[in-house]
Amino acid sequence: MVGLALGDAASSASSDPGPLPGTCLTQLACFTLEGAIRACVRQDNKGICDPPSVIWHALARWAHIQGLGPQFAENWTGGSTVWPDGWLHHVRPLSIRRGDAPATVQSLTASPGVPERPRTTSGGHHAVTRVLPIAIMGFSDPAGMGSEVAALTHGQEDALLAAASAVSVATQLLVEGEPSVLERAVEISGRDLVGTAAHALHHGAQAALSADDFETLAQSAGSHGKGPMIVGAAMFGALHGVDALGHVVSRLEVGWVADRLAGDAVAERLDHPAGTEYSTGSDPMWWSNYPGW
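What this report covers is the structure whose coordinates are included nearby. Predicted model only: the values in this text are computed from it and were never measured.

Calculation criteria
Residues numbered from 1 in each chain as written. Predicted model: local features only at pLDDT ≥ 70, side-chain atom pairs only at ≥ 80, totals over all residues. Heavy atoms only, no water. Helix = DSSP H or I, 4+ residues; strand = E, 2+ residues; numbered from the N terminus. Buried < 20%, exposed > 50% of the residue type's maximum accessible area, 1.4 Å probe, protein only. Contact = heavy atoms within 4.5 Å. Polar contact = N/O pair within 3.5 Å; in protein donor to acceptor, adjacent residues only side chain to side chain. Axes fitted to C-alpha atoms, helices over the stretch in contact; angles between N-to-C directions. Phe/Tyr/Trp six-rings, centres within 6.5 Å; stacked < 30°, edge-to-face > 60°. Core = buried A, V, L, I, M, F, W, Y, C linked by side-chain atoms within 4.5 Å. Expected span 1.5 Å × (residues − 1). Salt bridge = Lys/Arg side-chain N within 4 Å of Asp/Glu carboxyl O. Patch = residues over 30% accessible without salt bridge, like charges linked within 9 Å, V, L, I, M, F, W, Y side chains within 5 Å. Areas by Shrake-Rupley, 256 points an atom, 1.4 Å probe, with all protein chains shown as cover. Lys, Arg positive; Asp, Glu negative; His and termini not counted. Charge placed at Lys NZ, Arg CZ, Asp CG, Glu CD.

### Points about the environment of Asp264
Here Asp264 is to be found in helix H13 (residues 255-271). A residue is classified by how much of its surface remains accessible, and Asp264, at 13% relative accessible area, is buried. Distance in space between the C-alpha atoms of Asp264 and Gln27 is 17 Å, their sequence separation being 237 residues. If we ignore the near neighbours within four places in the chain, the residues touching Asp264 are Ile37, Trp286 and Tyr290. Looking at Asp264, its side chain comes within polar contact range of the side chain of Tyr290, at 2.6 Å.

And the structure:
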């Protein structure tokens, strides 16, 4: 997760020791993972859950704090619920307009309700880069979950296949720590047009597979564009850990947010701090931080 944020911000890196802001991609990745955590909290406590719809709710909170219209609050509050809830929407940098996410914005502004099918035919790299963080949750069908979550905003078939492969490979990296799984991502994804999800996965995974340090990774992946840089940095971080990313992570404006979300995702996956239908939770604030809906 921190690698993803660093890959996103890397194009802004300079000798200036100031903070490194990410783009809307990091914002969307944060809300996607927050939604995935909330989906698991709901599953623990309610027993029934459709994770993509809970993640869509998270994207709606992002749209709301971005000022994309009053329809999101109207759709999700019903006039009686305090919304948005949780903690993530309070993080000021996540509400600042930074860069473009045309397919995501088009999907959200078409209707605030959960889409039954993709509302765009986009094959852009956000289909992969935004959904990568859900690998941390260890869903039983990571490929299927990656494809379903990508389809909330992107409809091009190759992009959905790339998202499925990316989440599946990232899940294996986190569990097994075996770099050879990256070879599968390189083989499955093609050398597609620059800017596409397939292109980002192919060159990003290839760079993460061959790089021994982050500087080498950045040179290799970055030469192919923004998408490969983000995928490569995320995969490299998943494989080698946050320490291998270097001291520059301390300059990430929302690095602490990425780190907290990743840690909370692991806690939810392993410890279920809000409890379950049959057990009491260990953290009385967990449901408040990650309401399960």
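### Some thoughts on unusual backbone geometry
Trp83 connects to Pro84 through a cis peptide bond whose omega is 0°. With respect to the helices and strands, Pro84 occurs in the loop between helix H4 (71-77) and helix H5 (102-110). In this structure, His272 is a non-glycine residue whose phi angle is positive, near 50°. As for its placement among the helices and strands, His272 is situated in the loop between H13 and strand E1 (275-276). Residue His272 is classed as partly exposed on the basis of its relative accessible area of 29%.

### Description of the packing of helix H8 (residues 157-176) against helix H10 (residues 197-210)
Interaxial distance between H8 and H10 falls to 8 Å at its minimum, and their mutual angle equals 35°. Note on element contacts: H10 touches H8 through Ala197, Ala198 and Leu201, opposite Ala159, Ala162, Ser165 and Ala166.

### Quick look at the environment of Ala238
Along the chain, Ala238 falls in helix H12 (residues 226-240). Along the primary structure Ala238 and Asp16 are separated by 222 residues, whereas in three dimensions their C-alpha atoms are 27 Å apart. Discounting chain neighbours no more than four positions away, the residues touching Ala238 are Leu173 and Leu174.

### Some remarks on the packing of aromatic side chains
Counted according to the given criterion, the structure contains 4 aromatic pairs. A centroid spacing of 6.1 Å and a plane angle of 70° characterise the contact between Trp76 and Trp293, whose relative ring orientation is edge-to-face. Linking Trp76 in helix H4 with Trp293 in the segment after helix H14 (286-289), this pair joins segments that are 217 residues apart in sequence. Here Trp293 falls in the partly exposed class, since its relative accessible area comes to 27%. Between the aromatic rings of Trp87 and Trp256, the centroid separation amounts to 6.2 Å while the plane-to-plane angle is 40°, which identifies the pairing as tilted.

### So, the nonpolar core
Formed by 95 residues in total, the largest nonpolar core has its most connected members in Met1, Leu88, Leu132, Leu217, Met235 and Leu261. The element contributing the most residues to this core is helix H2 (residues 24-46), with 11 residues. Apart from the residues lying within four places of it in its own chain, the contact partners of Leu88 are Cys30, Phe31, Glu34, Leu94, Val257 and Leu261.

### Some details on H8
For H8, spanning 20 residues, the distance from its first C-alpha to its last is 28 Å, which sits close to the expected 28 Å at 1.5 Å a residue. The N-cap residue of H8 is Gln156: its side-chain oxygen and the backbone nitrogen of Asp158 are 3.1 Å apart. After H8 finishes, the residue Gly177 shows a positive phi value of roughly 65°.

### Observations concerning the pattern of salt bridges
The full count for this structure, using the stated rule, is 6 salt bridges. Three or more residues are tied together by salt bridges with common partners; here these are Glu34, Arg38, Arg61 and Asp85.

### What to know about a negative patch on the surface
A grouping of Glu176, Glu178, Glu183 and Glu187 is seen on the molecular surface, where their side chains present a negatively charged patch. Inspection of the secondary structure assignment puts Glu178 in the loop between H8 and helix H9 (181-188). According to the relative accessible area criterion, Glu178 is partly exposed, its value standing at 36%.

### Topic: the environment of Val254
Structurally, Val254 is set in the loop between H12 and H13. Given a relative accessible area of 8%, Val254 falls into the buried group. Taking the C-alpha atoms as reference, Val254 lies 8.3 Å from Leu94; in sequence the two are 160 residues apart. With sequence-adjacent residues up to four places away left out, Val254 is seen in contact with Thr26, Pro93 and Leu94.

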